[in-house]
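Observations on chain architecture
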Amino acid sequence: MAAKFLPLACMRSESSREGGDLSPRPHYPSMPKYPKGALSSEEEKNMEGSESTALFSVVGMTCSACAGSVEKAVKRLPGIKEAVVDVLKKRAHVMFYPSFVNTKTIQETIEDVGFQATLVEDETNEKSTYVCRIQIKGMTCTTCSTTVESALQAVPGVQKASVALATEEAEILYDPKVVSYNQLIEAVEDSGFEAILISTGEDTSRIQLKIEGKWTSNSMKMIESSLQALPGVQEVDIDPELYKFSISYKPDLTGPRDLIKVIESTESGRFKAMFFPEGGGRESHRKEKIKQYYRSFLWSTVFTIPVFLTSMVFMYIPGLKHVMDTKVVNMLTVGELIRWTLATPVQFVIGRRFYVGSYNALRHGSATMDVLITLGTNAAYFYSVYNVSRAATSPYFKSTDFFETSSMLISFILLGKYLEVLARGKTSEAIAKLMELSPEAAILLTLDKEGNVIGEEEIDIRLIQKNDVIKIIPGAKVASDGYVIWGQSHVNESMITGEARPVAKWNGDTVIGGTVNENGVLHIKATRVGLESALSQIVRLVESAQMAKAPVQKFADRISKFFVPLVIILSFSTWLAWFLAGKFHGYPKSWIPSSMDSFELALQFGISVMVIACPCALVLATPTAVMVGTGVGASQGVLIKGGQALESAHKVNCIVFDKTGTLTTGKPVVVNTRLIKTMVLREFYELVAAAEVNSEHPLATAVVEYAKKFREDEENPAWPEAYDFKSITGHGVKAIVMNKELIVGNKSLMLKENIVIPVEAEEMLVETEGLAQTGVLVAVDRDLVGVLAISDPLKPSAREVISILKSMKVRSIMVTGDNWGTANSIAKEVGIDTVIAEAKPEHKAEKVKELQAAGYVVAMVGDGINDSPALVAADVGMAIGAGTDIAIEAADIVLMKSYLEDVITAIDLSRKTFSRIRLNYVWALGYNLIGIPIAAGVLFPSTRFRLPPWIAGAAMAASSVSVVCCSLLLKNYRRPKILDNLEIRGIVVEL
């Protein structure tokens, strides 16, 4: 990758202001870029909002050097605000001002660089796929989630739907041209559940406001008209009952403060607007659900305890037994009447949720846990009602009731649900902690036309708009993603990236919302706010990961489809078998308890089977562990994109490493220069820098930075103009500088250009490669004049990481585009035995496929755009957090800290998570396989032991809680101790 000049497109070109500091600068998923356009800041401010976007198909690009040359050429045009080139998708996305430049000029410029360009009109207008997230209330088991998922999949325009019971949310990929999110909500509600919209693909610019004031139809129409007249407002929805306005808008043109100002200025300030109270969030819903179960359990306990006492305790206390046995009507006793009276509200009022759930499930042709609970408690309750009614109408019939069975069943199930929701909420604490990073308020600055500060005010962080200037004082959190326009400081980004050392920031540097300003005052310009911010993107990534199902979960889903019907059949069969055995004297009468007959004994066994069976434990086994695992990973700087990545990572037995930026720091520096011809060193670097400044390659950047040493008197030196510049992919560059033909590149380029390489140069190349350095040859007017040695130092822990992986029985391979000499030296230094050098991006992917064909489960670790094909091809793609956006997008796991040892953390965490999932399955399956036969009375003939229904119900509730608690133990995960012993050394390179 290094010596062959195989570039990394989209790499941020950062100046080496920090001397010899070679630690990688953190890079974040979907972070903004801020190119320096051709317009002045004043012109750009005046033109704000008038920009257009265009998407071009670019044919002929083979690597990131091609993409870099296209991007550079387009950005040089006047009126270009932004240009991003994607070499993988062969696309160029350009934002421009039509009054300065048009699409035809942009297209011609791309073609002048040497590629075929075509304007793509369809994709620029509208996204073809949106992602909608819906919160679903009322799901109690996997049958519920399967029912909702099937209903959503059946909606035309839905491409994929995932419903997670553990989070009680649905994530739907849909085509907005075919179906709207309102139709998706209707589909959920038609399935019998309550649906609350969390977000849609359109939601990056949506706000909900509560309007206080005297509402009339005319005033509402006036406010609506005023809002719709505001530039950038796309849609206004009004809910008169809640006094709520929902407004969609383009954040580039307007924002929350503008919308509130328009509302409050309507009709002479009669109205006041504020953010609508957030009641639909995951956390608020969870807290409300906990309160509901807690209240229901308390009320159920109030009624159930007297039922239990009158049934199980008072009968053994002589005085109270006499009172309880007192006849009221015929054979109906006081105790029976009390139990009937107290059990009824538990059954029908407190237990109403189970009836509603059963009705909705049966209406849609499915059977859920609610059906089992309803059948079991109804059997006990109505049989008891029959008995006491008969006793009340007969002077001879002595009844036996099971009111304590139905009421205690419901009480224990509610207790189990309460504990389960309480425990499940703790599985997503990682998201809550991420959200807490964002500050609540920000200091907004007001500037005059010259850019001087004329005022400041503290505002709610939700009121920040794009292009606002925000003041960040020492010790305060950065309020928004943006870039520094004034001041200098150090910013602690460890809470986002895990990078412990504060990062220096000054004019032009990007900052991330949620990080902490250390020691100086900064003025930043906000660029991404709300759901567009880096923090929100990370939160969304973790949420999506927790929604994604692991393949192992399919096992539980298959079982759950038949579980409830099978349990109902088993329950009926148990009752029938014991009833017939009693009817035809299949067992001695002495087996029957004195308070029952054979029918009642059989009924007790049947009810116990029905309520002890629990598919919930099976269903929660995987998602709860995945939720905790991904949350723990996020807290340690390892972002795992779902259960699939977790499951694949624990099987990995071969890791393919890229070299530059992965095993090495990715910050090459010139360490030696040897001139073969007599020449002034300053003039030599003047020529080389003039050519290399046009290249995006890291080696070119290293050369330019070194050349600046000879012009220390200039902050931003201007290099001589380079004519006929040409970048030769994987080889080097050619240009005419100061009327001299300059060729800078590797040995193969010189041989291709028929340039003679002296023995002295050959010897130096061998020497540099032996030192794991890259040799760059420089020819002036087709005469070799010098050799540069460029070093990209190893990351501090690379050698130890490879050694630890060997001890874990994981094979390590290095694949690089660099020359064989440098590649072998690096591999030898870190302890890697297998090396593939001079590999193009497609070769890396082919090697991954070869290893997979040989039976390996392969992980690819890389950072560049040219690693993306291999990252996608691998079973698990791991992207270094300081890498490119495209690499991060292609990867399954993102190592946010850019520490190589996090590869081990990711694998170890996945192994621990899946051992926990296996333990959960063993417990859940074992519980049902052992519990159901015991409840059916298998042990009764030999031991006279039977499981009363209320104890069976308690066991069922405990099984779900135990699985969730078992998963929660993952929160105590600590990375392998051997990693704590690694010495993280700073790297200092003398320039």
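In every chain, residue numbers begin from 1 and rise along the written sequence. Reporting in this predicted model follows two pLDDT cut-offs: at least 70 for local features of residues, and 80 or more for side-chain atom pairs to be given and counted; totals over whole chains, interfaces and linings ignore these cut-offs and use all residues. Side-chain metrics rest on all non-hydrogen atoms present in the structure, leaving aside hydrogens and water.

1. Thoughts on the confidence of the model for the chain
Along the chain, pLDDT gives the predictor's confidence residue by residue, from 0 to 100. The pLDDT averaged across the chain works out to 79; a share of 84% of its residues lies at or above 70. Contacts are assigned to residue pairs with any non-hydrogen atoms lying within 4.5 Å of each other. pLDDT under 50 marks residues 122-126. Its contacts with residues more than four places away, or in other chains, come to 7 contacts. Across residues 983-991, confidence stays below pLDDT 50; counting only partners more than four residues off in sequence or on other chains, it has 19 contacts.

2. Some remarks on the environment of Ala380
Under the DSSP-based scheme used, a helix requires at least four consecutive residues in state H or I and a strand at least two consecutive residues in state E, with every element numbered from the N terminus. Here Ala380 shows up in helix H13 (residues 369-393). Exposure is judged per residue with a 1.4 Å probe applied to protein chains only, and the accessible area is read against the type maximum: over 50% gives exposed, under 20% gives buried, and values in between give partly exposed. Of the residues examined, Ala380 reaches a relative accessible area of 0% and is grouped as buried. Setting aside chain neighbours within four positions, we find Ala380 in contact with Phe402, Thr405, Ser406 and Ile607.

3. Things to note about the nonpolar core
Among the buried residues, those of types Ala, Val, Leu, Ile, Met, Phe, Trp, Tyr and Cys that are joined through side-chain atoms within 4.5 Å form a nonpolar core. If you look at the biggest cluster of nonpolar residues, it comprises 81 residues, and the most contacted ones within it are Leu152, Leu184, Ile655, Leu805 and Ile893. It is helix H32 (residues 902-935) that contributes the most residues to this core, 9 residues altogether. Every residue in contact with Ile655, bar those within four places of it in the chain, is listed here: Leu805, Val810, Arg811, Ser812, Ile813, Ala859, Val861, Val903 and Ile907. Formed by 49 residues, the second largest nonpolar core is a distinct cluster that contains Trp578, Val609, Ile932 and Ala936.

4. Here's the deal with the pairing of strand S28 (residues 732-737)
Note on pairing: DSSP must find at least two bridges between two strands before they are called paired. The pairing of strand S27 (residues 722-728) with S28 spans 5 bridges and is antiparallel. Paired with Tyr723 across the bridge in S28 is Ile736. Both S28 and strand S29 (residues 740-745) contribute to a ladder of 6 bridges, which runs antiparallel. Each residue of the ladder has a partner; that of Ala735, found in S29, is Leu742. Hairpin remark: S28 followed by S29, antiparallel, with 2 residues in the connecting loop; positive phi at Met738, about 50°.

5. Examining the sheet that holds strand S35 (residues 876-880)
Judged by pairing direction, the sheet is mixed, and its 7 strands sit side by side in the order S24-S36-S35-S34-S25-S32-S33 without closing on themselves. The open sheet has two edge strands, strand S24 (638-640) and strand S33 (834-836), and neither has a second partner. Between one strand axis and the next, the sheet turns through 20° on average, direction left out of account. Across 3 bridges, the pairing between S35 and strand S36 (residues 893-895) is parallel. Residue pairing across strands places Met878 opposite Ile893, the latter belonging to S36. Docked against the sheet, helix H28 (residues 820-830) engages strand S32 (811-815) and S33, running at close to 155° with respect to S33. Lines are fitted to the C-alpha atoms to define the axes, a helix being fitted only along its stretch in contact, and any angle between axes, read from their N-to-C directions, falls within 0 to 180 degrees.

6. Points about unusual backbone geometry
Even without a glycine there, the phi angle at His585 is positive, about 60°. Not every positive phi belongs to a glycine, and Asn739 is a case in point at roughly 65°. Within the secondary structure, Asn739 is located in the loop between S28 and S29. In this structure Asn739 comes out as exposed when scored by relative accessible area, which is 77%.

7. So, the sheet that holds strand S7 (residues 169-174)
Read from one edge of the open sheet, 4 strands run S6-S7-S5-S8, paired in antiparallel fashion. Every other strand in the sheet has two partners, leaving strand S6 (158-164) and strand S8 (194-199) as the edge strands with one partner each. Each neighbouring strand pair of the sheet contributes to a mean axis angle of 25°, computed without reference to strand direction. Judged from the 6 bridges that link them, S6 and S7 form a sheet pairing that is antiparallel. Paired with Val163 across the two strands is Ala170, which belongs to S7.

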